[in-house]
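Descriptive analysis of the structure
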Amino acid sequence: MERDSSTAPFRSLRGDDVSDDSAPSASADSGNTSGASETAGRGGFESLSYLFTLSRPRFWFYLAGPVLVGIAYAAEGTGDLVTLATVALFAYFLLPANVFLYGINDIYDREIDAKNPKKAADEREARYRGQGYVPVAVALCASLPVVLVPLVPSAAWPWIAVFLVLGAAYSAPPVRFKTTPFLDSVSNGLYIAPGAAAYAAVAGTQPPVLAVVGAWLWAMGMHTFSAIPDIEPDRETGIRTTATVLGETRTYGYCAACWLGSAFAFAALDVRLGALLLVYPALVATIVATRIDVDRAYWWFPAINTVVGAAMTMGGLWVMLYG
């Protein structure tokens, strides 16, 4: 559990640690330095631990996973799989991009999160309490793509820009897409940007339009489904989202429609991909039919998305190797 290092006490010199009234002993001075160093070290560890939790490790592959998928379908041979560009993109979207994306979200959602049951226990998701180092870390992670520019082909740059612009505009004023119904959903196409960037970096050309459309629809459905547990907290704080406007029942229908559209788009490229993505509307139907608590089902999706993403990646590698 995260603890605020700003309240950690510093040890003061006691009178009996001083050899005379005018000069502290060497041992007392040494003990004070040691105590301050220990406290600083503990505070640094707690800060890093908090940033780790803030980055939502359960969701890391929502950004890094598409990079692997994009690489698998763009590669013409095994030599394309591990390059400076692919490693740099995967490393950035695995951790720094998640600190940027979720950090800026938490900074501007501080008041909303205080009433969010998903963050009540501070176990699965961190709650931002105004720590000054968090905006600094977010700004640093937002600026890291400058380092990627000389490492990846120019075809990938627009997608990196799409990720950064939509990632900031989703949470930060004055745009704050997350408070505008339907734009909150559409803007979450940002999650496909890492995969499109990886495809473009390896292939040197942009990904197929149908793949972009299908992936964008998938991201829209995934975002809106994840907003269902937040309907009541968002309504209590006056936040309007696609889910609060539609209500739980119609939001299920919206998600199913997005995921069906995604399956059809991918099926136009490869019927096997379309069949795989039918798992999502099937899951919605199952949740509705069995009345499974959405708060419980919400936590299934990191595992489900990992399995589906792995299957897509393996399919791309199979086609690359065997045609």
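Owing to the predicted nature of the structure, the values given are computational and were not obtained by experimental measurement.

When helices and strands are tallied, the chain shows 17 helices and zero strands. Buried positions account for 49% of the 323 residues belonging to the chain. Pairs at least 24 residues apart make up 74% of the contacts formed inside the chain by residues separated by at least 6 positions. As displayed, the chain offers around 15900 Å² of accessible surface, 64% of which is attributable to carbon and sulfur atoms.

The next point concerns the layout of surface pockets. What the largest pocket holds in volume is close to 940 Å³. In terms of lining residues, the largest pocket is bounded by 39 residues, among which Val69, Gly70, Tyr73, Phe266 and Met312 are the most central. Only α2 (61-74), α10 (193-203), α11 (209-226), α13 (242-269), α14 (271-277) and α17 (301-322) provide two or more residues apiece to the lining of the largest pocket.

Here we take up the nonpolar core. Generally speaking, a soluble globular protein has its nonpolar side chains buried in company with each other. Ranked by size, the top nonpolar core spans 81 residues in total, and within it Leu89, Phe163, Phe225, Trp259 and Phe301 carry the most contacts. Looking at this core element by element, the count peaks at eight residues for α10. Phe301 has contacts with Tyr62, Met222, Phe225, Trp259, Tyr280, Leu283 and Ile287, leaving out every residue within four places of it along the chain.

Attention now moves to the packing of helix α4 (residues 96-108) against helix α8 (residues 157-171). Axis separation between α4 and α8 bottoms out at 8 Å; the angle between their running directions is 20°. In terms of axis orientation, α4 runs roughly parallel to α8. Crossing angle aside, the handedness with which α4 passes α8 is right-handed. Only Phe163, Leu164, Gly167, Ala168, Tyr170 and Ser171 of α8 make contact with α4, whose side of the interface consists of Ala97, Phe100, Leu101, Ile104, Asn105 and Tyr108. Within the contact of α4 with α8, the residues separate by chemical class into nine nonpolar, three polar and no charged.

Here the focus is the UniProt feature "transmembrane region" (unreviewed entry) in the chain. The residues that UniProt annotates with the feature "transmembrane region" (unreviewed entry) are residues 59-75, 81-102, 133-151, 157-175, 196-219, 276-292 and 298-321. Along residues 81-102 the backbone is 82% helical and 0% strand, and the end-to-end C-alpha distance reaches 28 Å. Within residues 157-175, the helical portion is 79% and the strand portion 0%, while the C-alpha atoms at the span's ends are 23 Å from each other.

Its place among the elements puts Arg56 in the loop between α1 (26-54) and α2. Within the structure, the side chain of Arg56 is placed 2.9 Å from the side chain of Asp106, a separation counted as a polar contact.

Below, the discussion takes up α10. Counted residue by residue, α10 has ten buried out of eleven residues, so it is predominantly covered. Regarding α10, the residues found buried are Ala193, Pro194, Gly195, Ala196, Ala197, Ala198, Tyr199, Ala200, Ala201 and Val202. Once α10 ends, the next one or two residues include Gly204, with phi positive near 80°.

Cut-offs applied
- Residues numbered from 1 in each chain as written.
- Predicted model: local features only at pLDDT ≥ 70, side-chain atom pairs only at ≥ 80, totals over all residues.
- Heavy atoms only, no water.
- Helix = DSSP H or I, 4+ residues; strand = E, 2+ residues; numbered from the N terminus.
- Buried < 20%, exposed > 50% of the residue type's maximum accessible area, 1.4 Å probe, protein only.
- Contact = heavy atoms within 4.5 Å.
- Areas by Shrake-Rupley, 256 points an atom, 1.4 Å probe, with all protein chains shown as cover.
- 1 Å grid on protein atoms, 1.4 Å probe; cavity = no way out; pocket = protein on both sides within 12 Å on 5 of 7 lines; lining within 4 Å.
- Points joined across faces, edges and corners; volume = space filled by probe spheres on them.
- Core = buried A, V, L, I, M, F, W, Y, C linked by side-chain atoms within 4.5 Å.
- Axes fitted to C-alpha atoms, helices over the stretch in contact; angles between N-to-C directions.
- Parallel < 35°, antiparallel > 145°, perpendicular 65-115°, else oblique.
- Left-handed = near helix turned anticlockwise from the far one by under 90°.
- Nonpolar A, V, L, I, M, F, W, Y, C, P; charged D, E, K, R; others polar.
- UniProt positions renumbered as here; feature names shortened; annotations may be inferred.
- Polar contact = N/O pair within 3.5 Å; in protein donor to acceptor, adjacent residues only side chain to side chain.

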